[in-house]
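Observations on the model geometry
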Amino acid sequence: MALSSWKELPIGTIITEPGNAREFKTGDWRSQRPIWDSEKCIHCLFCFIYCPDSSIKVNEEGKMTGIDLDYCKGCGICAEECPKEAIHMEIEKR
Amino acid sequence: MPSLKELSKNADLFTGGHRACSGCAGPIVIKQVLSVAGPQTIASLSTGCMEVVSTIYPYTAWNIPYIHVAFETAASALSGVEAAYQVLRRKGKVKGKWNLIAFSGDGGTYDIGFQGLSGAVERGHDFLYVCYNNEAYMNTGIQRSSATPRGAHTTTSPAGTVIPGKKQFHKNLVEVIAAHGAPYVAQAIPSNWADFTRKVRKALDTEGPTVIDILAPCPLGWRYPSNKTIEVARLAVECKFWPLYEVENGKYKLNYRPRKEVPVEEWLRLQGRFAHLFTPENEHIIKEIQEGVDRRWESLLEKCG
Ligand SMILES: Cc1ncc(C[n+]2csc(CCOP(=O)(O)OP(=O)(O)O)c2C)c(N)n1
Ligand code: SF4
Ligand code: SF4
């Protein structure tokens, strides 16, 4: 929703593009990076239901397919809650 | 009960790119609610952390119709939405059933929005009200609310030489709303997603006002490492500080009974906001907290029969 001046604000400052926070990448907040081991993963999806940042990718078949680093803030909940230790955290290097 | 695979179908109703602190339970709560409610949902959210982090103009993490309302008005604003919805439905201008859900923090629920919530429940509007309870006014920098537990350090109950953190026990919201005669009221926790999503389903299927109070740990205000959010939540239930129960038309039901005795001390120890209690001069407060927890647990068991 690109606005060049306040005169373009919709009445009521309505946001006309639902879900456009996706355009705002929070991945650069991260100081730790989750590393996923697909071999160990049993696709229980606990990491998915406990992720605050919509960063666990799940496909149509309900299989975990990886981590979306665009949004992941590196909280480490997934690594903590994974019953199979299929995720571990490493210091983020930039 | 829906499986996590089914719940994952609604994953995009609250998107990434919101600006909650790393490890915040608030977005976990919202996502779990929407995973059950689905896209035919209208939400109101009062001013507080979840509003501030999810709708920083011109962005919104909400992929459903959503209205941000003043701090004290999550329930009253949604009352208006519900009244309009009923009229439009009667006139055949809306299709299908829509879920109406109000979200608010504990400050917005237990304190400043309380009369709005009480009025909405008394009038009998058909909606679900979810209090994501982080046990203080977090958005303005951690002030005590009537949901803040005894002993907790906040900026307005500062632990020091004058007081050892908050002096009072927290209010029991579920009891207060149950006393209104609401058809369904429940207490929940994000670490038990199966119990919580079942409660959301049940509340949405119930006609009339329904309220769920869900504990939402806040790493910043509770002072614990961000990866411990789910563990802190789980232990709140295991130590009986936060029992999982529901009240349906006045009938109480305990939904989970901890298998072993966990002293409340173990839960307190995980959190920096209680660190000052672990000193010789303040140890008696831990005992008092334990007694308070035991008292409430016994009284709950009696009600559950
Ligand atoms: C009438 C009014 N008083 C004060 C404020 C300032 N204010 C904004 S958010 C907030 C705290 C919200 O606390 P809570 O409802 O517990 O949600 P949290 O931020 O903890 O998620 C306060 C005091 C306000 N917005 N409106
Ligand atoms: S919690 Fe672990 S095992 Fe379960 S889906 Fe996630 S990575 Fe796989
Ligand atoms: S202060 Fe607490 S409740 Fe607010 S966004 Fe941060 S972690 Fe969440």
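Structure shown above.
Quick summary incoming for the structure in this document. Since we're looking at a predicted model, the values are computed, not measured.

Tracing the sequence through the fold places E135 of chain B in the loop between β4 (128-133) and α7 (173-179). Discounting chain neighbours no more than four positions away, the residues touching E135 of chain B are D106, S145, A147, T148, P149, L215, W222, F241, W267 and R273 of chain B.

Quick look at the layout of surface pockets now. One number sums up the size of the largest pocket: a volume of about 380 Å³. Around the largest pocket sit 20 residues that line it, and S54, I56 and V58 of chain A together with A11 and D12 of chain B are the ones nearest its centre. It is strand β2 (residues 56-58) of chain A that contributes the most residues to the lining of the largest pocket, three residues altogether. Of the residues belonging to the lining of the largest pocket, the class tally is seven nonpolar, six polar and seven charged.

We now examine the interface of chain B and chain A. Opposite the 39 residues of chain B that make contact, chain A presents 39 residues. Counting each side, the surface lost to burial between chain B and chain A is near 3,200 Å², with a carbon and sulfur contribution of 59%. Where chain B packs against chain A, one counts two salt bridges. The tally of links between chain B and chain A comes to 23 residue pairs in polar contact (both at pLDDT 80 or more). Broken down by secondary-structure element, the contributors of at least two residues to the side of chain B that touches chain A are α1 (4-7), α2 (26-37) and α10 (229-238) of chain B. Partitioning the side of chain B that touches chain A into residue classes produces 17 nonpolar, 14 polar and eight charged.

A few words on the nonpolar core. Counting 117 residues, the largest nonpolar core has M50, W62, F103, Y129, W242 and W267 of chain B as the members making the most contacts within it. Not counting residues within four places of it along the chain, the set of residues in contact with M50 of chain B comprises A20, C24, G26, P27, I30, L45 and Y132 of chain B.

Rules behind the numbers
- Residues numbered from 1 in each chain as written.
- Chains lettered and ligands numbered in written order.
- Predicted model: local features only at pLDDT ≥ 70, side-chain atom pairs only at ≥ 80, totals over all residues.
- Heavy atoms only, no water.
- Helix = DSSP H or I, 4+ residues; strand = E, 2+ residues; numbered from the N terminus.
- Contact = heavy atoms within 4.5 Å.
- 1 Å grid on protein atoms, 1.4 Å probe; cavity = no way out; pocket = protein on both sides within 12 Å on 5 of 7 lines; lining within 4 Å.
- Points joined across faces, edges and corners; volume = space filled by probe spheres on them.
- Nonpolar A, V, L, I, M, F, W, Y, C, P; charged D, E, K, R; others polar.
- Buried area = accessible area lost by both parts, 1.4 Å probe.
- Salt bridge = Lys/Arg side-chain N within 4 Å of Asp/Glu carboxyl O.
- Polar contact = N/O pair within 3.5 Å; in protein donor to acceptor, adjacent residues only side chain to side chain.
- Core = buried A, V, L, I, M, F, W, Y, C linked by side-chain atoms within 4.5 Å.
- Buried < 20%, exposed > 50% of the residue type's maximum accessible area, 1.4 Å probe, protein only.

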